[in-house]
Amino acid sequence: MAFKLSRNLFNEAKRHIPGGVNSPVRAFRSVGGVPVFVASGRGSRIRSVDGKEYIDFVCSWGPLILGHSPKTVISSVKKMLDKGTSFGMPTEEEVILAREIKKAYPSIELVRLVSSGTEATMSAIRVARGWTGKRKIVKFEGCYHGHSDYLLAKAGSGALTLNLPDSAGVPEEMVKFTIVLPYNDLSAVENAIYSDNDIAGVIVEPVAGNMGVVLPEKGFLEGLRKITQEKNIVLIFDEVITGFRLARGGAQELFGIRPDMTCLGKILGGGFPIGAYGGRKDIMSCVAPEGTVYQAGTLSGNPVAVTAGIAMLRELTGALYRELEKKTKWFTEELKGIADEAGVPVTINSIASMFTIFFTKDPVRNFAEAKKSNVEMYSRFFHELLSGGVHFPPSQFEACFISRAHRDKDLERSLDVSRKAFKKLKN
Ligand SMILES: *Cc1c(COP(=O)(O)O)cnc(C)c1O
């Protein structure tokens, strides 16, 4: 079978895989066109099966903070592979990684490894319910916590507690106990929590990355911490994106807030499938076999993924975070300047090494404001970048990531391509 082009591969893929992809956003539906089929990645670049090279701002949707194929991770993984791929029995590597996680996240006293972010959040919610004996969960509109039934809820019109499933195949009863509130709206949280005694947990992306990057306003996270503490409700930080991204200790280190539970994934696996959930000892002691909340996994703590994670964490120094922040700040300010020059109204939200360019002149502080963006403009911008060899995420509502491997010349080149793109958008 010789499929040399992404187009041919995509056509073939669609005959075998729903939409031709193994995760929906990869299909380019919101920007149109044919997804880039990747042959290989190195540093800041990916090479497509068509033989074209792209500067990659997707970075596997977050995990690749060192860029593609970092030497240290690859060599550790190769060594592990000589010993085996999976045992389904405890290994020393799991203990090492658990200790490293705890060191970086003092709020985590016990941690359980799983194989994806979805599993981490799904399990954390089960634990919060098991520990409190309560049923309801508060989540925020535009925050994504993986695809488990309870968390696939969107805000319905009107009544606070009346929500709709965000997917077919999720019975309304499954989201009956999910309360969806606007991000950054503390008074909505107060109203919900003070009028309801059946709330087990509040789950939040401490910096939202799945409606595009949206920052918590001053006082939002602090307020969540205060109210949940008062009412003995489990505060869950979903740091699957922000963990090891904003700082080694994630958003909780950056903002100085101690959640009861934390979910991790993405960077933690060094490019391999992993997730983790952990938190206060009294709460995590509910997990089987210690306690009565069941949760298990054949490939949980997979030695290859764990080894990659350990190697990854070794590279994540304070100096690296300072360097990434500086690069990203410079890049996003330049990008904004170029858009302004061209007269294209944009708002860029950015923190540490993640950012989103929203095609709206107004501030973006929640999902409703993110949705005001001109997605048609984003699509045109995206395709201009793509044909110039720069791969942004194929949706307005995703985060761009800058890695250690993004050199100044990569960023300068990306700005040049952006300048041309904005000019075309204006015409
Ligand atoms: C990616 C993500 C998840 C889901 O992780 P998967 O590994 O894709 O299952 C959950 N929460 C957040 C905040 C994420 O960004």
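Overview of the structure.

So, how was this worked out
Residue numbers run consecutively from 1 along every chain, following the written order of its sequence. The predicted nature of this model means local features are confined to residues of pLDDT at least 70 and side-chain atom pairs, given and counted, to a pLDDT of 80 or more, with totals for whole chains, interfaces and linings taken over all residues. As a convention, hydrogens and water are excluded, and side-chain values are obtained from all of the structure's heavy atoms. Helix and strand labels come from DSSP, where a helix needs a run of H or I of at least four residues and a strand needs a run of E of at least two; each type is numbered from the N terminus. A helix's residues, less one, multiplied by 1.5 Å, set its expected span. Contacts are residue-level and defined by heavy atoms, with any inter-residue pair within 4.5 Å sufficient. A 1.4 Å probe rolled over the protein chains alone gives each residue an accessible area, and that area as a share of the maximum for its type sets the label: buried under 20%, exposed over 50%, partly exposed in between. Orientation is described by axes fitted as lines to C-alpha atoms, over the contacting stretch for helices, and by angles from 0 to 180 degrees between their N-to-C directions. Angular relationships are summarised with four words: roughly parallel below 35 degrees, roughly antiparallel beyond 145, roughly perpendicular across 65 to 115, and oblique for the angles in between. Under the scheme applied here, ten amino acids are nonpolar (Ala, Val, Leu, Ile, Met, Phe, Trp, Tyr, Cys and Pro), four are charged (Asp, Glu, Lys and Arg), and all others, including Gly, are polar. Here, a salt bridge means any side-chain nitrogen of Lys or Arg that lies within 4 Å of a carboxyl oxygen of Asp or Glu. Charge counting treats Lys and Arg as positive and Asp and Glu as negative, with His and both chain ends excluded. Here a polar contact is taken to be a pair of N or O atoms separated by no more than 3.5 Å, where protein atoms must pair a possible hydrogen donor with a possible acceptor and residues adjacent in sequence count only if both atoms sit in side chains. When at least one non-hydrogen atom of a residue lies within 4 Å of a molecule or strand, that residue is treated as near it. The protein chains shown are the only cover counted for residues, whose accessible areas, like all others here, come from Shrake-Rupley with a 1.4 Å probe. To qualify as a nonpolar core, a set must consist of buried Ala, Val, Leu, Ile, Met, Phe, Trp, Tyr and Cys residues joined through side-chain atoms within 4.5 Å. Put simply, a patch holds well-exposed residues, over 30% relative accessible area, that have no salt bridge, with like charges counted together within 9 Å and Val, Leu, Ile, Met, Phe, Trp or Tyr side chains within 5 Å. One atom stands in for each charge, and that atom is NZ of Lys, CZ of Arg, CG of Asp or CD of Glu.

### Quick look at helix α13 (residues 408-426)
Argument step 1. Over its 19 residues, α13 extends 27 Å from the first C-alpha to the last, a length consistent with the 27 Å expected when each residue adds 1.5 Å.
Argument step 2. As for α13, its buried residues are in contact with β2 (45-48), β3 (53-56), α10 (318-342), β14 (354-358), α12 (375-387) and β15 (390-391).

### Considering unusual backbone geometry
Argument step 1. The peptide bond linking Ala 288 to Pro 289 adopts the cis configuration, its omega dihedral lying at 10°.
Argument step 2. Within the chain, Asn 232 stands out as a residue other than glycine whose phi angle is a positive 55°.
Argument step 3. Within the fold, Asn 232 resides in the loop between α6 (220-230) and β10 (234-238).
Argument step 4. Phi angles above zero are rare outside glycine, and Lys 266 is one such case at about 40°.
Argument step 5. Mapping Lys 266 onto the fold places it in the loop between β11 (261-264) and β12 (275-279).
Argument step 6. Take Lys 266: its relative accessible area is 25%, and that puts it in the partly exposed class.

### Quick notes on the packing of helix α5 (residues 186-194) against α6
Argument step 1. At a closest axis distance of 10 Å, the pairing of α5 and α6 adopts a crossing angle of 10°. Looking at the two axes, α5 sits roughly parallel to α6. For the pair α5 and α6, the contacting residues are Leu 186, Val 189, Glu 190, Ile 193 and Tyr 194 in the first and Phe 220, Gly 223, Leu 224, Ile 227, Thr 228 and Glu 230 in the second.
Argument step 2. Taken together, the residues of the contact of α5 with α6 sort by class into seven nonpolar, two polar and two charged.

### What to know about the pattern of salt bridges
Argument step 1. Applying the stated criterion to the full structure yields 22 salt bridges.
Argument step 2. Here Asp 410 makes a salt bridge to Arg 45, at a shortest N to O gap of 2.6 Å. With Asp 410 in helix α13 and Arg 45 in strand β2, the pair connects residues that are 365 residues apart, well separated along the chain.
Argument step 3. Asp 166 serves as the salt-bridge partner of Lys 154, at 3.9 Å between the closest nitrogen and oxygen. Highlighted residues: Lys 154 in strand β6 (residues 153-155) and Asp 166 in the loop between β7 (163-165) and β8 (178-181), separated in sequence by twelve residues.
Argument step 4. The exposure class of Asp 166 is partly exposed, given its relative accessible area of 43%.
Argument step 5. Several salt bridges converge on common partners, so that one network encompasses Arg 45, Arg 47, Glu 53 and Asp 410.

### A closer look at the side chain of Arg 245
Argument step 1. Residue position: Arg 245 is located in the loop between β10 and α7 (250-255).
Argument step 2. Buried charge without a partner: Arg 245 forms no salt bridge, and the closest opposite charge is Asp 56, 9.8 Å away.
Argument step 3. Separated by 2.9 Å, the side chains of Arg 245 and Ser 353 make a polar contact.

### Things to note about the site of the ligand
Argument step 1. Taken together, Ser 116, Gly 117, Thr 118, Tyr 144, His 145, Gly 146, Glu 205, Asn 210, Asp 238, Val 240, Ile 241 and Lys 266 make up the full set of residues adjacent to the ligand.
Argument step 2. Between an oxygen atom of the ligand and a side-chain N or O atom of Thr 118, the distance comes to 2.6 Å.
Argument step 3. Within the side chain of Asp 238, one N or O atom sits 2.7 Å away from a nitrogen atom of the ligand.
Argument step 4. Within the complex, the protein chains bury 82% of what would otherwise be the 380 Å² of accessible surface of the ligand.

### As for the nonpolar core
Argument step 1. Residues Phe 57, Phe 355, Ile 357, Phe 359, Phe 381, Phe 392 and Phe 422 are the most contacted members of the largest nonpolar core, which totals 34 residues.
Argument step 2. Of all elements in the fold, only β3, α10, β14, α12 and α13 reach the threshold of two or more residues within this core.
Argument step 3. Setting aside its immediate chain neighbours within four residues, Phe 381 contacts Ile 357, Phe 359, Phe 392, Ser 418, Ala 421, Phe 422 and Leu 425.

### Some remarks on a positive patch on the surface
Argument step 1. Together, Lys 52, Arg 413, Lys 420 and Lys 423 line one region of the surface with positive charge.
Argument step 2. Here Arg 413 shows up in helix α13.

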